[in-house]
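A look at the structure
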Amino acid sequence: MELGMKKAALHNLGCKVNAYETESMQQLLEQSGYEIVSFEDEADVYVINTCSVTNIADRKSRQMLHRAKKRNPDSVVVAAGCYVQTAREQLKEDDAVDILIGNNKKHELPGLLERFFTERKKGLSAVGDIAGDATYESLSVSRTAEHTRAFIKVQDGCNQFCSYCIIPYARGRVRSREIPKVVKEIEMLAANGYQEVVLTGIHLSSYGVDLGTNLLQLIEEVHKVAGIARIRLGSLEPKIITEEFVRRLSELPKICPHFHLSLQSGCDETLRRMNRKYTCREYEEGCKLLRKYFNHPAITTDVIVGFPGETEEEFEITRKFLRQIGFFEIHIFKYSRRKGTRAAEMDHQVPEDVKQVRSETLFHDLVPMNEEFLKWYIGRTAEVLMEERVFFGEVEYFLGHTKEYVKIAVPTSGCPQENLENRLVHGKVVSRLKEHVLQMENVLEEKS
C-alpha cells in the first residue's frame with residue numbers, strides 16, 4: 001500500500017492544549033500524505049492524544065487505545081501525550097500500543113510512522129525527560145475544528161506543584177512560545193477567516209517567565225493583528241490580576257471581558273493544603289479590579305469539593321465565599337485521588353457520597369448567580385459573533401456568543417441575510433430562550 005493511500009484517525013482526550021496539539025498532529029499527517037478519517041472508521045493509523053489529569057483520565061486513555069486496536073487489529077496505534085509521559089513503562093507492555101510519543105515530541109509523529117512502516121518494528125518510542133527539557137515544541141495550526149474561534153497554544157508546562165496535580169510531572173517546567181511566532185500563526189488564521197482567538201496554555205499566567213517577557217506584552221502584540229476582532233484568554237491565576245494588568249487590558253478593545261480565574265476552594269485552610277499560592281482575600285481583590293475596569297465582566301472559576309481534610313465547616317466557608325463573589329459559571333469537580341501526588345497520601349480522605357452531596361449543593365447555589373448575570377442583558381444591545389445554525393424545538397436559529405461568552409440566538413427568519421455564520425452582529429436582547437440561551441431581535445450586521 002502506498003503511503004499516500006494510508007488512512008489516519010485521531011482522538012483527543014483532555015484540555016484545550018491537548019486539542020490544539022491533536023489538530024496540529026492531524027495537519028502534520030495531512031502534509032505527509034495521509035487521508036484523515038473519523039475515529040469511528042477503520043483506519044491504518046490511530047493516534048490517541050491521552051490525558052492523565054486524574055485516574056479516570058488514565059483509564060479512558062487506556063480504553064481508547066484498546067478500542068482502536070480492536071477496530072482494526074492490523075492498524076498502528078499511537079499513544080501520545082500526558083498519560084504516556086506518566087506511564088511509559090506500563091504502556092511499553094501493552095500489546096494494543098505500537099508507538100509511544102511523549103510531550104514535546106509530537107512533531108516527530110510522521111517520522112516515527114515512516115520508520116514503523118519501513119522497519120515493521122513495534123515499540124518505537126519518543127519519550128524524553130520532560131522535567132529537563134527547556135525547549136518549546138514547535139507546533140502550529142492553519143485552521144481548527146471550530147470555524148470562527150481558534151484556540152492558540154502559547155505556553156506549556158507548570159512550576160506550581162499543587163498538591164493534587166500530576167501535570168507538572170507530565171508537562172514539565174514552564175516553556176513559552178516566542179511572540180513573533182504566535183503573531184505569525186494568528187495572522188495566518190486571520191487570513192483564513194477566523195475572527196476570534198483564545199490564548200491558552202498549561203499555566204497561561206506564567207507565559208514569558210523563561211523568555212524575559214510576560215502575558216500582557218503578548219496580548220498587546222496579538223491585539224495589533226488585522227482581521228482579529230476578539231481576543232479571549234484561557235484560565236488565569238489570581239496573582240496575575242494586578243491593577244496595571246487589568247487597566248492595560250481594559251484599554252484594548254478586542255479583549256473579551258470573560259475571565260476564568262482559577263479558585264479551587266473558597267477556604268484559606270483548604271487552599272494551603274492544596275499548595276495554592278494566594279488567599280481568598282487576594283482572589284476577591286482581583287475580582288474587584290476586573291469589575292472596576294470592565295462593565296459587567298463574566299468571571300468564571302473552578303472549584304474542587306471533597307479535597308482531603310475538607311470539613312463541613314470548610315465547605316460552608318467555600319459556599320459563602322462563592323456567593324459573595326457571584327460568578328457567571330462555576331466548574332465543579334469532585335476531588336479525584338491521583339496516584340503520584342501529595343494529596344493522594346493525605347489523611348482524612350473524604351468519602352465519595354459526601355463529595356457528591358457537596359457537588360450538588362454548589363450546583364444548586366450556582367443557579368441564582370447564573371440567572372442574575374444573564375438577567376442584566378435583557379433589554380440591552382449586545383454584540384454577538386454568530387457561529388452555527390441550531391434548532392430549538394422546530395424553530396431554526398443562528399447561535400453565537402457575546403464577548404462575555406453568553407450564548408445568544410436569533411431566529412433565522414429575522415436575519416438580514418441568509419447566512420450569518422462567522423459574522424459579527426448586534427441587536428437587542430429581548431428574553432431568555434432556554435436555560436443558558438438568550439434571544440435577540442432587530443439584528444444588524446456590524447460594519448467591516
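Residues numbered from 1 in each chain as written. Predicted model: local features only at pLDDT ≥ 70, side-chain atom pairs only at ≥ 80, totals over all residues. Heavy atoms only, no water.

Evaluation of the coordinates by the stated rule reveals 40 salt bridges. A salt bridge links Glu-243 to Lys-292; the shortest N-O distance between them is 2.7 Å. Separated by 49 residues along the polypeptide, Glu-243 in helix 9 (residues 243-250) and Lys-292 in helix 11 (residues 280-293) bring together distant segments of the chain. Judged by its relative accessible area of 55%, Lys-292 is exposed. A salt bridge links Lys-288 to Glu-285; the shortest N-O distance between them is 3.7 Å. With a gap of three residues between them, Lys-288 and Glu-285 both fall in helix 11, about one helical turn apart. By relative accessible area, Lys-288 is classed as partly exposed at 46%. Glu-285 gets classed as partly exposed once you look at its relative accessible area, which sits at 38%. (Salt bridge = Lys/Arg side-chain N within 4 Å of Asp/Glu carboxyl O. Helix = DSSP H or I, 4+ residues; strand = E, 2+ residues; numbered from the N terminus. Buried < 20%, exposed > 50% of the residue type's maximum accessible area, 1.4 Å probe, protein only.)

Before going further, it helps to spend a moment on the side chain of Arg-319. Note that Arg-319 resides in helix 12 (residues 312-325). Looking at Arg-319, its side chain comes within polar contact range of the side chain of Asp-365, at 2.7 Å. Excluding its chain neighbours within four sequence positions, the residues that come into contact with Arg-319 are Thr-361, Leu-362 and Asp-365. (Polar contact = N/O pair within 3.5 Å; in protein donor to acceptor, adjacent residues only side chain to side chain. Contact = heavy atoms within 4.5 Å.)

Once that is clear, we can look at the sheet that holds strand 10 (residues 230-233). In spatial order, the strands read 8-7-9-10; together these four strands make up an open sheet with mixed pairing. In the strand order of this sheet, the two ends are held by strand 8 (175-176) and strand 10, each with one partner. Seen against the sheet, helix 1 (residues 16-31) touches strand 7 (149-156) and strand 9 (196-201) and runs at an angle of roughly 105 degrees to strand 7. (Pairing = 2+ DSSP bridges. Axes fitted to C-alpha atoms, helices over the stretch in contact; angles between N-to-C directions.)

Here we come to the state of the cysteines. In protein structure, a disulfide is the covalent linkage between the sulfur atoms of two cysteines. Evaluation of the coordinates by the stated rule reveals zero disulfides. Here Cys-165 is not disulfide-linked; the sulfur of Cys-162 is the nearest cysteine sulfur, at 6.2 Å. (Disulfide = S-S within 2.5 Å.)

Of note, Phe-161 is a non-glycine position whose phi angle comes to about 55 degrees, a positive value. Positioned with a positive phi, Asn-422 is a non-glycine residue whose angle comes to about 65 degrees. Relative to the assigned elements, Asn-422 resides in the loop between strand 16 (407-411) and strand 17 (424-434).

Counting through the fold element by element, Gln-85 comes out in helix 3 (residues 82-86). You can call Gln-85 buried: its relative accessible area is 13%. Setting aside residues no more than four positions away along its own chain, Gln-85 makes contact with Gly-102, Asn-103, Val-127, Gly-128, Ile-130, Tyr-169 and Ala-170.

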